Amino acid sequence: MAASPQIHPLAVTRTGAVVRLRLDRPTLHNAFDAGLIAALTAALEQIARDATVRVVVLEGSGASFSAGADLNWMRGMASASEAENRDDALALARLMRTLDELPKPTVARVQGAAFGGGVGLVACCDIAIGVPEAKFGLTESKLGLLPAVISPYVIAAIGPREARRWFATAEIFDAATALRIGLLHEVVAADALDAAVERQVSWLLKAGPHAAASAKRLVARVAGGVDRDRLDADNADLIAALRVSEEGQEGLSAFLDKRAPRWAKD
């Protein structure tokens with residue numbers, strides 16, 4: 001196995017034609033901040049240009065796959081302007097779109113919890129395999145926000161009807177529910193997770209490289225018809241406006257202060 005030097009906060013490992021990208025902030029449950037977003041986007045863009053890469057596995061270090069937004073990052077964005085929040089949202093949109101449109105098949109290895117943007121990463125991967133203990137949540141509405149930036153990918157994975165429920169309620173759901181609604185393709189015991197991921201990788205390596213890489217473009221072309229640039233811009237506008245709104249400010253402040261927001265009811 002050949003390993004590249006660790007790119008903090010992302011570890012990149014390559015074995016033959018397979019690259020593994022590991023979110024590597026385990027003490028922070030692999031939460032997003034500007035550094036992780038930039039590192040993961042740059043790694044994906046480099047992989048996209050490398051014709052010798054056939055498959056990408058996305059995984060997390062430690063107990064969680066990804067807990068969504070980093071607390072300190074959220075604190076900074078809560079006091080930022082609407083324009084700064086829009087730029088921040090567009091950086092996340094670029095990451096999600098780069099992963100979603102990556103011209104290589106992708107497999108998400110979900111060994112633990114995925115919340116917010118972590119759910120977005122799972123939804124952007126072509127194949128997602130998780131363990132029964134994994135928990136999921138689109139928890140933004142608790143903060144007076146919405147998962148706007150990741151919404152195209154989550155809705156594509158679970159469908160509009162399910163999205164309306166989980167976006168509005170911010171409920172936590174288990175791996176069995178994630179499997180039922182389409183966020184996960186397979187749920188296996190923790191000690192069988194690596195074997196299940198490797199099984200999918202082996203199938204992908206048996207497929208024609210061009211065919212496997214082109215499959216998602218075919219699906220997008222048949223199912224799509226959406227102006228992706230306009231959608232990214234509109235979603236960035238929405239989340240930026242929500243973050244600086246009275247409700248968004250109250251939700252973020254309550255979260256950071258570890259108290260219930262004013263609208264919360266027992």
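My aim in this report is to walk through the structure given alongside it, one point at a time. As the structure is a computational prediction, the values presented were derived from the model and not from experiment.

Rules behind the numbers
- Residues numbered from 1 in each chain as written.
- Predicted model: local features only at pLDDT ≥ 70, side-chain atom pairs only at ≥ 80, totals over all residues.
- Heavy atoms only, no water.
- Salt bridge = Lys/Arg side-chain N within 4 Å of Asp/Glu carboxyl O.
- Helix = DSSP H or I, 4+ residues; strand = E, 2+ residues; numbered from the N terminus.
- Buried < 20%, exposed > 50% of the residue type's maximum accessible area, 1.4 Å probe, protein only.
- Pairing = 2+ DSSP bridges.
- Phe/Tyr/Trp six-rings, centres within 6.5 Å; stacked < 30°, edge-to-face > 60°.
- Lys NZ or Arg CZ within 6 Å of the ring centre and 35° of its normal.

A full pass over the atoms with the stated rule returns 23 salt bridges. Residue E59 pairs with R109 through a salt bridge whose shortest N-O separation is 4.0 Å. Taken together, the residues span a long stretch of sequence, with E59 in strand β4 (residues 55–60) and R109 in strand β5 (residues 106–110) at a distance of 50 residues. Take E59 and R109: they sit in the same class, and that class is buried.

For the rest of this paragraph, the subject is the sheet that holds strand β6 (residues 114–115). Taken together, the 3 strands give an open sheet; going across it, the order is β6-β8-β9, and neighbouring strands pair in mixed fashion. Of all the strands in the sheet, the pair left with one neighbour each is β6 and β9 (172–174). Sheet topology places β6 next to strand β8 (residues 135–137); 2 bridges connect them, and they run parallel. When the sheet's bridge partners are listed, F115 is paired in β8 with G137.

With respect to the helices and strands, A264 occurs in the segment after α11 (246–256). A264 sits 122 residues away from K142 along the chain, and the two C-alpha atoms are 8.4 Å apart.

Looking now at the packing of aromatic side chains. For any pair of aromatic rings, the description consists of the separation of the ring centres together with the inter-plane angle of the planes. What the rule picks out here adds up to 2 aromatic pairs. Plain terms: the ring middles of F136 and F173 are 5.7 Å apart, the flat faces sit at 20° to each other, and that makes the pair stacked. Of this pair, F136 sits in strand β8 while F173 sits in strand β9; the two residues are 37 residues apart in sequence, bridging distant segments of the chain. On the accessibility criterion, F136 (0% relative accessible area) is buried. On the basis of relative accessibility, which here comes to 5%, the residue F173 falls in the buried class. Consider the rings of W166 and F173, whose centres lie 4.6 Å apart with planes at 45°: the pair is tilted. The same class applies to W166 and to F173, which are both buried. Pairwise contacts between aromatic rings join F136, W166 and F173 into one cluster. Note that R165 overlies the ring of W166, its terminal NZ or CZ placed 4.1 Å from the centroid. Above the ring of W203, the side-chain terminus of K206 is found at 5.7 Å from the ring centroid.

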